[in-house]
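Each chain is listed here by its residues.
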Amino acid sequence: GRSGDGGDALRPLYMDVQATTPLDPRVLDSMLPYLTAYYGNPHSRTHAYGWESEAAMEKARRQVADLVGADSREIIFTSGATESNNMAIKGVARFYKSRKKHIITTQTEHKCVLDSCRSLETEGFRVTYLPVKKNGLIDLKELEAAFQPDTSLVSVMTVNNEIGVKQPIHDIGEICRAHKVFFHTDAAQAIGKIPVDVNDMKIDLMSISGHKIYGPKGVGAIYVRRRPRVRLEPLQSGGGQERGLRSGTVPTPLAVGLGAACEVAQQEMEYDHKRISQLAERLVTKIMSEVPDVVMNGDREHRYPGCINLSFAYVEGESLLMALKDVALSSGSACTSASLEPSYVLRAIGTDEDLAHSSIRFGIGRFTTEEEVDYTVQKCIQHVKRLREMSPLWEMVQDGIDLKSIKWTQH
Amino acid sequence: VAVGDAVPWQVVDHYENPRNVGSLDRNAKNVGTGLVGAPACGDVMKLQVEVDENGRIVDARFKTFGCGSAIASSSLATEWVKGKTVDEALKIKNTDIAKELCLPPVKLHCSMLAEDAIKAALADYKLKQDPNKEESEKKA
């Protein structure tokens, strides 16, 4: 990663797949005709340009549906998982508002879910934000206890984007069915990586993101169950496209890309999962065997292996990212967020504040190589050791001082 | 590489070519130690100065837990205090540190903490030279 002057300049290794993924070449291939010759509006009924775009769009819809075990009539294209989350939460809440005013979600959801809930609170809805255990999973008993007679929706993400933990979706689906409450899950980080079946898991609404599964940016989908029927108030008004739930011209090339990404993911899922698990195990084992005082955030077992969040005690996250300049990574540290607050997800799992400032997220994906993992590990070990040599906290701990006993100054 | 959030090279330089990382003997009478910040805030700086019999700072060391800008700010602080008298060093301002390192607005607090670290180290040194003065001031 030298400074970008184009040309021969080396670019950093990409280890930030939770943030976004590159387009799979097969996905690009599928999109190109619709970015060039086949540019018709898929809602144009009167000519071949429209018909061929419509056919491509419907094929993509089936590909998305197949990946999740749904009927293609239950898949609505959107601009991404953020829009899908907004639709699910606000749409369902508002549709049923005459009789139902309560929503249940968790403290570790993506910002768009939390912010949609906050927004509904200003409209007079009540929201329960379930805490999570130290391992990042919700307590099913607490979920049971949270239901109220007027609960309309439960929203719990499948795989967390910061720490990779996998919620007990099967169990949550069962509980929601028993209470006759709709179950929405933000599956942006799960689709195409672990098997997700909307019937098996009793899911009623699901958010899907294109650019997390080697598809294009700017497109996603929402799954909306037809039996039993889930109604929702549309966010976007217009010509009634997408069953009236999401007006606007469906962007054929993007939809085609999303469909292709889903089909490719379905084919590659088992192979990818096995390879990524091996690489993840390699990364974690090597780092933890060489460097003491490293904590993995989130449950060791109930997780998606390709998202690894580690806290390196006594070393601040952003300084480590700066030191690892040849690798593209991200951190739960305050310095790397717009506010100076460390990650709310790490806070929710009870991470001590100083450890929250010391976290790095490693993303391993379909195209990550063993060499890239080994290079990252080697550099990480080297720079953690170096930064610890520069750390007054490490020095104090080596001298036997209990950091918790110190009265720190505030600025 | 996008210009916007890229770390200024001045900041990276202090990490890649460290100056004055380390420790002085905190028990020595002519060494002042300042420890500022808090792990919960993601910023802790330890800055030490060694002062000669003429009141001139002859050596300085730092250790920092913090982002690149925090490391660079404290590193630069140790460079600047060397050769200055205690009173001259007290005049070092965070704005000068921030300007030298091209710190963006969101990182200004790092330079402020570095200024605090200098002051804390010098206050500790002064206290060691004249502990009775502090005692009588406390009683007053």
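A brief look at the structure comes next. (Residues numbered from 1 in each chain as written. Chains lettered and ligands numbered in written order. Predicted model: local features only at pLDDT ≥ 70, side-chain atom pairs only at ≥ 80, totals over all residues. Heavy atoms only, no water.)

1. Examining the overall build of chain B
- Broken down by element type, chain B carries six helices and three strands.
- Listing the helices and strands of chain B from first to last along the sequence gives α-β-β-β-α-α-α-α-α.
- Since a compact globule built from 140 residues should have a radius of gyration of about 14 Å, the 16 Å found for chain B is in line with a globular shape.
- With the C-alpha coordinates aligned to their principal axes, the bounding extent of chain B is approximately 55 × 30 × 25 Å.
- Buried residues in chain B amount to 49% of all 140 residues.
- In chain B, the proportion of contacts linking residues at least 24 apart, taken out of those at least 6 apart, comes to 61%.
- Summed over all atoms, the accessible surface of chain B reaches about 6600 Å², with 52% contributed by carbon and sulfur.
- The distance from the centre of the 19 positive side-chain charges to the centre of the 21 negative ones in chain B is 2 Å. (Helix = DSSP H or I, 4+ residues; strand = E, 2+ residues; numbered from the N terminus. Rg over C-alpha atoms; globule rule 2.2 N^0.38 Å. Buried < 20%, exposed > 50% of the residue type's maximum accessible area, 1.4 Å probe, protein only. Contact = heavy atoms within 4.5 Å. Areas by Shrake-Rupley, 256 points an atom, 1.4 Å probe, with all protein chains shown as cover. Lys, Arg positive; Asp, Glu negative; His and termini not counted. Charge placed at Lys NZ, Arg CZ, Asp CG, Glu CD.)

2. A look at the nonpolar core
Residues and elements named next belong to chain A.
- Counting residues in hydrophobic clusters, the biggest one holds 121 residues, and the most contacted among them are V154, M206, L283, F312 and F362.
- Each of domain 1 (25–265) and domain 2 (269–393) accounts for three or more of the residues forming this core.
- Ignoring any residue separated from it by four or fewer positions in sequence, one finds M206 in contact with V68, H184, T185, A187, I191, V196, V198, A221, I222 and Y223.
- Formed by 23 residues, the second largest nonpolar core is a distinct cluster that contains I76, M87, Y96 and Y129. (Core = buried A, V, L, I, M, F, W, Y, C linked by side-chain atoms within 4.5 Å. Domains from an automatic or database assignment.)

3. Quick word on the interface of chain A and chain B
- Facing 31 residues of chain A, the contacting portion of chain B comprises 33 residues.
- Where chain A packs against chain B, one counts four salt bridges.
- Here K107 of chain B makes a salt bridge to E318 of chain A, at a shortest N to O gap of 2.6 Å.
- Elements with a minimum of two residues in the side of chain A that touches chain B: α8 (317–323), α10 (353–356), α11 (370–389) and α12 (392–398) of chain A.
- The residue makeup of the side of chain A that touches chain B, split by class, is twelve nonpolar, ten polar and nine charged. (Salt bridge = Lys/Arg side-chain N within 4 Å of Asp/Glu carboxyl O. Nonpolar A, V, L, I, M, F, W, Y, C, P; charged D, E, K, R; others polar.)

4. A few points about the side chain of E109 of chain A
All names here are of chain A.
- Following the sequence through the fold, E109 ends up in the loop between β3 (102–106) and α4 (111–122).
- No salt bridge is formed by the buried E109; the nearest opposite charge belongs to K212, separated by 12 Å.
- Of note is the side chain of E109, whose polar atom sits 2.9 Å from the backbone nitrogen of M157.
- Discounting chain neighbours no more than four positions away, the residues touching E109 are L114, S155, V156, M157 and Y344. (Polar contact = N/O pair within 3.5 Å; in protein donor to acceptor, adjacent residues only side chain to side chain.)

As far as function goes, none of this settles anything; it's purely spatial.
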